[in-house]
Each structure stands twice: as structure tokens, then as C-alpha cells.
Amino acid sequence: QVQLVESGGGLVQAGGSLRLSCAASGRTFSSYAVGWFRQAPGKEREFVAAISWSGLNTYYADSVKGRATISRDNAKTTVYLQMNSLRPEDTAVYYCAADPLTRGIVEVPNEYNYWGQGTQVTVSS
């Protein structure tokens, strides 16, 4: 069992930066891949970024590639999402999710069993 808690969201102007954190509890966290997803009002939840259990492999949606960096510190059982050059279209609730991802499919929400409660990111123009 893994519990996830996101933090770091807030209101930022376009062009600004935020670092989101996903703090996990559970002894097996270091063996889980972690993904970040976001959901804007009236839209489906969409993939943002993911990182393998080792941290050696990272994946990004085209919409954030070059602006986002995902990283993890297994000693602190925390995964980070650094977002730079934020745009109004980045406004959404951001969720982290964890799973062993035995099928290796990182971008589909249904592949993840454990989810946090979300943190709001609002980018003003």
C-alpha cells in the first residue's frame, strides 16, 4: 500500500516556475514508477510526466517537453516535478500516481493503482 500527498501548487504568472512534490509513504515506494497527470475543468485527465522506479528513465508529454523535469529521491520517498515557462494552458489540478507498471505503460491513468489528492496549479496571463 502506498499513500501519496502532492504539494507545491499555487498561483503563478505566465513564464514563471513551480516545483511540485509528491511525498509517499509505504515500504515498496522505491520499486514503483511514478507519474504526474493533470486535469483541467471539463477535460480528461492527461499525462504530464513519469519516472521509472530507479529514476533512470523519464517520460514527458509533448506539451511539457523542454519545460518540465521529473526527478525522484527514493531516500526521501519523494518525486518532484519542476515546471518552467508556465503557460495559462498549464492550469489544472496536478496529481501524482504510483504503480509497479508491470506492462510498462506510463501515460495511461488506468495503469496506476495509487493516487494522491491533487494540487491546484493556476497560471495567470
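One can find the structure itself at the top, above this paragraph.
Quick notes on the rules
Residues numbered from 1 in each chain as written. Predicted model: local features only at pLDDT ≥ 70, side-chain atom pairs only at ≥ 80, totals over all residues. Heavy atoms only, no water. Helix = DSSP H or I, 4+ residues; strand = E, 2+ residues; numbered from the N terminus. Rg over C-alpha atoms; globule rule 2.2 N^0.38 Å. Buried < 20%, exposed > 50% of the residue type's maximum accessible area, 1.4 Å probe, protein only. Contact = heavy atoms within 4.5 Å. Areas by Shrake-Rupley, 256 points an atom, 1.4 Å probe, with all protein chains shown as cover. Pairing = 2+ DSSP bridges. Axes fitted to C-alpha atoms, helices over the stretch in contact; angles between N-to-C directions. Polar contact = N/O pair within 3.5 Å; in protein donor to acceptor, adjacent residues only side chain to side chain.

A. A look at the overall build of the chain. Of the regular secondary structure elements, the chain holds zero helices and 11 strands. Here the C-alpha atoms of the chain give a radius of gyration of 13 Å, agreeing with the 14 Å that 2.2 N^0.38 yields for 125 residues. In terms of its C-alpha atoms, the chain occupies a principal-axis envelope of roughly 40 × 25 × 25 Å. Taking all 125 residues of the chain together, the buried fraction comes to 44%. Long-range contacts, defined as pairs at least 24 residues apart, comprise 58% of the intrachain contacts of the chain with a sequence gap of at least 6. Carbon and sulfur atoms make up 47% of the accessible area of the chain, which amounts to about 6,400 Å² in all.

B. Structural view of the sheet that holds strand β8 (residues 78–83). With antiparallel pairing, four strands are arranged side by side in an open sheet as β1-β3-β8-β7. Two strands close off the open sheet at either side, each with one partner strand: β1 (3–7) and β7 (68–73). With direction set aside, neighbouring strand axes in the sheet form an average angle of 15 degrees. Sheet analysis places β1 next to strand β3 (residues 18–25), joined by five bridges and oriented antiparallel. Its bridge partner being in β3, L4 is matched across the sheet by A24.

C. Broad picture of the side chain of R67. With respect to the secondary-structure elements, R67 resides in the loop between β6 (58–60) and β7. A distance of 2.8 Å separates a polar atom in the side chain of R67 from a polar atom in the side chain of D90. Setting aside anything within four residues of it in sequence, one finds R67 in contact with Q82, M83, N84, S85, L86, R87 and D90.

Honestly, that's just the spatial picture; any functional story needs more than this.
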